[in-house]
Amino acid sequence: MTQDELKQAVARAAIDYVVDGEIIGVGTGSTANFFIDELGRIKHRIKGAVASSEATAARLKSHGIAVFDLNDVDSMPVYIDGADEITPHGAMIKGGGAALTREKIVASVAGKFICIADGSKLVDVLGSFPLPVEVIPMAQAVVARKLAALGGEPRLRLKDGRPLMTDNGCVIIDVVGLNIPNPAEMEAAINGIVGVVTVGLFAQRGADVGLLGMADGVRTMTFRQGSAA
């Protein structure tokens with residue numbers, strides 16, 4: 001199976017976690033896009049969705065799915081999103097699509113986080129994928145120096161030769177070369193740097209369920225809440 005076929009398989013499997021009559025939290029990225037396309041097929045079963053990015057909101061609307069502002073939503077039963085890396089404990093690196101802050105906010109409101117990914121994203125230790133950190137633009141240089149002190153190489157993310165700007169008007173620093181055996185501790189340390197909006201580590205609140213596309217089918221992994229460290 002191709003990588004896209006694996007992503008489509010987990011997207012279809014995630015439909016089983018959609019709660020009828022409720023609002024669904026939806027992530028950002030290529031795997032999430034496959035899920036949105038599948039969600040469009042059953043849009044009559046749900047009240048609508050909360051999007052983690054402008055791009056996700058546009059794709060949901062293109063399928064005729066109502067998009068709600070998170071400020072108007074008290075709770076959601078489930079949030080469904082992909083990951084750039086995920087461990088056997090449910091800790092994740094996210095933010096390859098530059099939506100890490102909104103993803104983390106929307107996930108915090110949901111009762112359950114379902115991570116959908118192809119099997120290549122499963123790793124024993126996080127860090128092979130560059131760690132995204134969303135930063136207030138004026139703090140870019142000082143934050144980069146402090147990230148370098150943690151042992152990685154900070155690189156400003158560019159798009160068309162210019163700093164990529166997030167939906168929040170911030171920049172992304174990708175930290176290359178980190179080895180993250182204790183992701184919850186690293187998450188707290190980076191989030192404590194003044195000027196950081198958030199880091200793309202989802203460990204203090206990791207995934208509850210992982211749906212991983214493997215050559216022999218979709219593998220379901222259930223994680224105990226609080227064990228993502």
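Structure shown above.
**Q** Help me understand the packing of aromatic side chains, please; the structure alone is not making it clear to me.
**A** Summed over the entire model, instances satisfying the criterion amount to two aromatic pairs. Taking 5.1 Å as the distance between ring centres and 80° as the angle between the ring planes, the aromatic pair formed by Tyr-79 and Phe-113 counts as edge-to-face. You can see Tyr-79 sitting in strand β3 (residues 76-81) and its partner Phe-113 sitting in strand β6 (residues 110-118), a full 34 residues away along the chain. Comparing Tyr-79 with Phe-113 shows no difference in burial state: the two are buried. On the numbers, 6.4 Å between centres and 80° between planes, the contact of Phe-113 with Phe-202 is edge-to-face. Placement of Phe-113 in strand β6 and of Phe-202 in strand β13 (residues 201-202) is noted, with a sequence separation of 89 residues between them. No difference in accessibility class separates Phe-113 from Phe-202, as the two residues are buried. Every member of this aromatic cluster is reached through a ring pair, and the members are Tyr-79, Phe-113 and Phe-202. Residue placement shows Lys-94 over the ring face of Phe-202; its charged tip is 5.5 Å from the ring centre.

**Q** Help me out: how do you make sense of helix α5 (residues 140-149) in this one?
**A** Because an α-helix completes one turn every 3.6 residues, residues spaced three or four positions apart along the sequence face the same direction. Turning to α5, its buried residues number three or more, namely Val-143, Ala-144 and Leu-147. All buried residues of α5 fall inside an arc of 105° around its axis, so they share one side. For α5, the exposed residues set more than 90 degrees away from the buried face come down to Arg-145 and Ala-149. The elements touched by buried residues of α5 are β7 (131-135), β8 (153-156), β11 (171-176), α6 (183-191) and β12 (196-199). Within two residues after α5, Gly-151 carries a phi angle of roughly 110°, on the positive side.

**Q** Honestly, the environment of Met-1 in this entry has me stumped. Any pointers?
**A** You can see Met-1 is positioned in the segment before α1 (3-14). Residue Met-1 is classed as exposed on the basis of its relative accessible area, which comes to 58%. Setting aside anything within four residues of it in sequence, one finds Met-1 in contact with Leu-6, Ala-9, Met-214 and Ala-215.

**Q** Could you clarify how one ought to interpret the sheet that holds strand β2 (residues 48-51) in this entry?
**A** Hydrogen bonding along the main chain pairs the strands of a sheet, whether they run parallel or antiparallel. One open sheet accounts for six strands, arranged β2-β1-β3-β6-β14-β15; its pairing is mixed. Of all strands in the sheet, those with a lone pairing partner are β2 and β15 (217-222), marking the two edges. Going across the sheet, the axis of each strand differs from the next one's by a mean of 25°, ignoring polarity. Bridge count for strand β1 (residues 23-26) against β2 is four bridges, and the pairing is parallel. Looking at β2, one finds that Ile-23 is bridged to Gly-48. Sheet strands in contact with helix α3 (residues 54-62) are β1 and β2, and its direction is about 160° off that of β2.

**Q** Any chance you could explain the pattern of salt bridges here in plain terms?
**A** Where charged atoms of side chains with opposite charge meet at close range, the side chains can pair. Summed over the entire model, instances satisfying the criterion amount to twelve salt bridges. Arg-45 is the salt-bridge partner of Asp-20, the closest N and O atoms lying 2.9 Å from each other. A residue pair is termed long-range when its members are at least 10 positions apart, and Asp-20 in the loop between α1 and β1 and Arg-45 in the loop between α2 (30-41) and β2 qualify at 25 residues. When salt bridges with common partners are traced through the structure, they connect Arg-12, Glu-38 and Arg-41 into a single cluster.

**Q** How should I be thinking about the nonpolar core in this particular structure?
**A** Generally speaking, soluble globular proteins have nonpolar side chains that are buried together. Counting 25 residues, the largest nonpolar core has Val-18, Phe-35 and Leu-39 as the members making the most contacts within it. Among all residues touching Val-18, those that are not within four sequence positions of it are Ile-24, Phe-35, Leu-39, Ile-42, Arg-45, Ile-46 and Ile-80.

**Q** Is there a simple way to think about the environment of Asp-37 in this case?
**A** With respect to the element layout, Asp-37 can be found in helix α2. Judged by its relative accessible area of 25%, Asp-37 falls in the partly exposed class. Separated by 67 residues in the primary sequence, Asp-37 and Lys-104 place their C-alpha atoms 22 Å from one another.

So, how was this worked out
Per chain, residue numbering runs from 1 following the sequence as it is written. Whole-chain, interface and lining totals are the exception, using all residues; otherwise, since this is a predicted model, local features are given only for residues with pLDDT of at least 70 and side-chain atom pairs are given and counted only at 80 or more. Each side-chain value is worked out from all heavy atoms of the structure, with water and hydrogens disregarded. Each Phe, Tyr or Trp ring (for Trp, its six-membered ring) is paired with any other whose centre lies within 6.5 Å, and the angle between the two planes then decides the class: stacked below 30 degrees, edge-to-face above 60, tilted in between. For the purposes of this entry, the term helix denotes a DSSP run of H or I that reaches at least four residues, the term strand denotes a run of E that reaches at least two, and both are numbered from the N terminus. For the exposure calls, accessible area comes from a 1.4 Å probe over protein chains only, and a residue counts as buried if that area is under 20% of its type's maximum, exposed if over 50%, partly exposed in between. Only when the NZ of Lys or the CZ of Arg is both within 6 Å of the ring centre and within 35 degrees of the ring normal is a charge said to sit over the ring. Along the arc lie the directions from the helix axis toward the C-beta atoms. We call two residues in contact when some of their heavy atoms are within 4.5 Å. Following DSSP output, two strands are said to pair if at least two bridges run between them. Between the N-to-C directions of two axes lies an angle of 0 to 180 degrees, each axis being a line fitted to C-alpha atoms and, for a helix, fitted only over the stretch in contact. We define a salt bridge as a side-chain nitrogen of Lys or Arg found within 4 Å of a carboxyl oxygen belonging to Asp or Glu. Buried Ala, Val, Leu, Ile, Met, Phe, Trp, Tyr and Cys residues form a nonpolar core when they are joined through side-chain atoms within 4.5 Å.

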